[in-house]
Amino acid sequence: MDLFPVFLDLENRDCVVVGGGKVAARKVGLLRRAGARVEVVAPELCSELAQLAADSSISHRARAFQADDLDNKVLVIAATNHEAVNRSISELARERNIPVNVVDQPELCSFIVPSVINRSPVQVAVSTGGASPVLARLLRARLESYVPAAYGRLAMLVESFREKVKRRFTTLEQRRQFWENVLQGEVAELLFAGREQTARECLENALQQSEDVPHPIGEVYLVGAGPGDPDLLTFRALRLLQMADVIVYDRLVAPPILELARREAERIYVGKERDKHTLSQENINQLLVRLAKEGKRVVRLKGGDPFIFGRGGEEISTLMDNGVSFQVVPGITAASGCATYSGIPLTHRDYAQSVVFVTGHLQDGSVDLNWKALAHPNQTIVFYMGLHGVGVVSAQLIEHGLPATTPVALVQQGTTQNQRVIITDLQALEQTVAREAVKPPTIIIVGQVVQLHEKLDWFHPLPGANPRPFGGTPHL
Ligand code: SAH
């Protein structure tokens, strides 16, 4: 069951903490930071709490808990070592509808205290619903390093300008755009660099200079979505996904990645299934230009890396010709992601000193490669889009000198919960693809490094964990 997350206003409200040890002291600290008036009930206090009591920062009842300690309290925390006492506090509090937390006993709690990343006034609270406080703490530690320390100051700066900005821009959309520019631009950077006064001036200028109706300037971000596992996105890709107005994506982009985009963003599917291009490349290029000229921030989301068999070059060339500004964000390419998730190092001191990425699908449908250069004993070859040409691939590589027993891995839907790895060899490749009904997207890894899979295979997707196939829900 999911708990309902809230942030309580406890300023000058009466709260009671039962227990006088170190754990109680930590909770008292949290309550005091929120401005609560705290009463501690305990026969004895640890030195930290004793100090607070001596300063009259808390009030202290030096005795065991009794029911009337709950009178007029808005919140109670039980932190005693006695289970029976904790239980009776929980029951009494529940009878009176007073929110109660019993340290380390989630079954006795009506609320839990989350792990908090504090950038006051910004607070990020993490909860596992009581399942694992340690996990919540670990997650908190990660977020600590991710949220800049100056976020709190940034929030305060924004707050001091809120009314002014509201008066200047009448619509919500205008204000959102203004604030997004501020929070991701120079003002934020100045503040993070500790130049608060300059940041304030810069914000004032931005407000003065902006036209009454800010003319939105469109931009295109050509973003690599990686091979499928959303954890393989870059921070930048995630940030841009979360601020885009429009996402233009194709079949190779895994559904869980699309789900990370801003909820209101328009999603446009442009296909790219082999031989069934929903929009021609030319039309995609023009679509990007049109959307940007309408003032939209467009994420052109591509599987893997946009510059590896992604036609990213063509797309930005059209943008460049039309004077549309853009950024390109690299992604983990299928070769790298699939090889890693199937325990096949693409290079290895003993087996391969070079690796080549080639496409097995050429413009005119044939496979015409420099076989002599490819068929190299100490080289790994990764074929993208190669399923249709496997017969030609194995025949040519064998003809140009690779042993017929050279191991081959087929990695289908690599890095996703549907990953399949099939090991075969050059002579059996075509047969294997047919017998196993291998489907795109699949990459083919050829070379002695494939032997290492047996030992180094480490990624075992949970069967049925994510049954959605790629491209199964193109129109989200
Ligand atoms: N720009 C992409 C490649 C696009 S070409 C990249 O850098 O990865 C499309 C081909 O990539 C597919 O036919 C397939 O061979 C390969 N591919 C992409 N994602 C894949 C995945 N998750 N598993 C296996 N192969 C994948």
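The shown structure was predicted, so the numbers you read here are calculated from the model rather than taken from an experiment. (Residues numbered from 1 in each chain as written. Predicted model: local features only at pLDDT ≥ 70, side-chain atom pairs only at ≥ 80, totals over all residues. Heavy atoms only, no water.)

Some words on the site of the ligand
Near the ligand there are 18 residues, and of these Asp305, Ile308, Thr333, Ala334 and Thr442 occur at the shortest range. Methionine 385 places a main-chain nitrogen or oxygen 2.9 Å from an oxygen atom of the ligand. Those elements giving two or more residues to the shell around the ligand turn out to be helix H13 (334–341) and strand E17 (442–446). For the shell around the ligand, a count of residues per class yields eleven nonpolar, six polar and one charged. (Near = heavy atom within 4 Å. Polar contact = N/O pair within 3.5 Å; in protein donor to acceptor, adjacent residues only side chain to side chain. Helix = DSSP H or I, 4+ residues; strand = E, 2+ residues; numbered from the N terminus. Nonpolar A, V, L, I, M, F, W, Y, C, P; charged D, E, K, R; others polar.)

What about helix H8 (residues 196–209)?
Compared with an ideal rise of 1.5 Å per residue, which puts 14 residues at 20 Å, H8 spans 20 Å between its outermost C-alpha atoms and is within 8% of the ideal. Where H8 is concerned, the buried positions are Ala199, Cys202, Leu203 and Leu207. Buried residues of H8 fall within an arc of 135° about the axis and therefore sit on the same side. Opposite the buried face of H8, by more than 90 degrees, sit the exposed residues Gln197, Gln208 and Gln209. (Expected span 1.5 Å × (residues − 1). Buried < 20%, exposed > 50% of the residue type's maximum accessible area, 1.4 Å probe, protein only. Arc of directions from axis to C-beta.)

With respect to the pattern of salt bridges
One pass over the full model with this rule turns up 24 salt bridges. Where aspartate 245 meets arginine 176, a salt bridge forms, and the shortest distance between an N and an O atom there is 3.5 Å. One end of the pair, aspartate 245, is in the loop between helix H9 (235–241) and strand E9 (246–249); the other, arginine 176, is in helix H6 (residues 172–184), with 69 residues separating them in the sequence. The class of aspartate 245 is buried, set by a relative accessible area of 12%. On the basis of relative accessibility, which here comes to 21%, the residue arginine 176 falls in the partly exposed class. Two residues, arginine 300 and aspartate 250, come together in a salt bridge whose shortest N-O distance is 3.2 Å. With arginine 300 in strand E11 (residues 297–302) and aspartate 250 in the loop between E9 and helix H10 (255–258), this pair connects stretches of sequence that are 50 residues apart. (Salt bridge = Lys/Arg side-chain N within 4 Å of Asp/Glu carboxyl O.)

What about the environment of aspartate 457?
Checked against the element boundaries, aspartate 457 lands in the segment after helix H17 (453–456). With relative accessibility at 26%, the residue aspartate 457 sits in the partly exposed group. Measuring from C-alpha to C-alpha, the distance between aspartate 457 and valine 421 comes to 9.7 Å, with 36 residues separating the pair along the chain. For aspartate 457, the residues in contact, after removing those within four places along its chain, are Tyr341, Ser342, Gly343 and Leu452. (Contact = heavy atoms within 4.5 Å.)

Observations concerning the domain arrangement of the protein
Parsing the protein into structural domains produces domain 1 (14–113), domain 2 (151–209), domain 3 (219–332) and domain 4 (337–456). The straight-line distance from the C-alpha centre of domain 1 to that of domain 3 is 53 Å. (Domains from an automatic or database assignment.)

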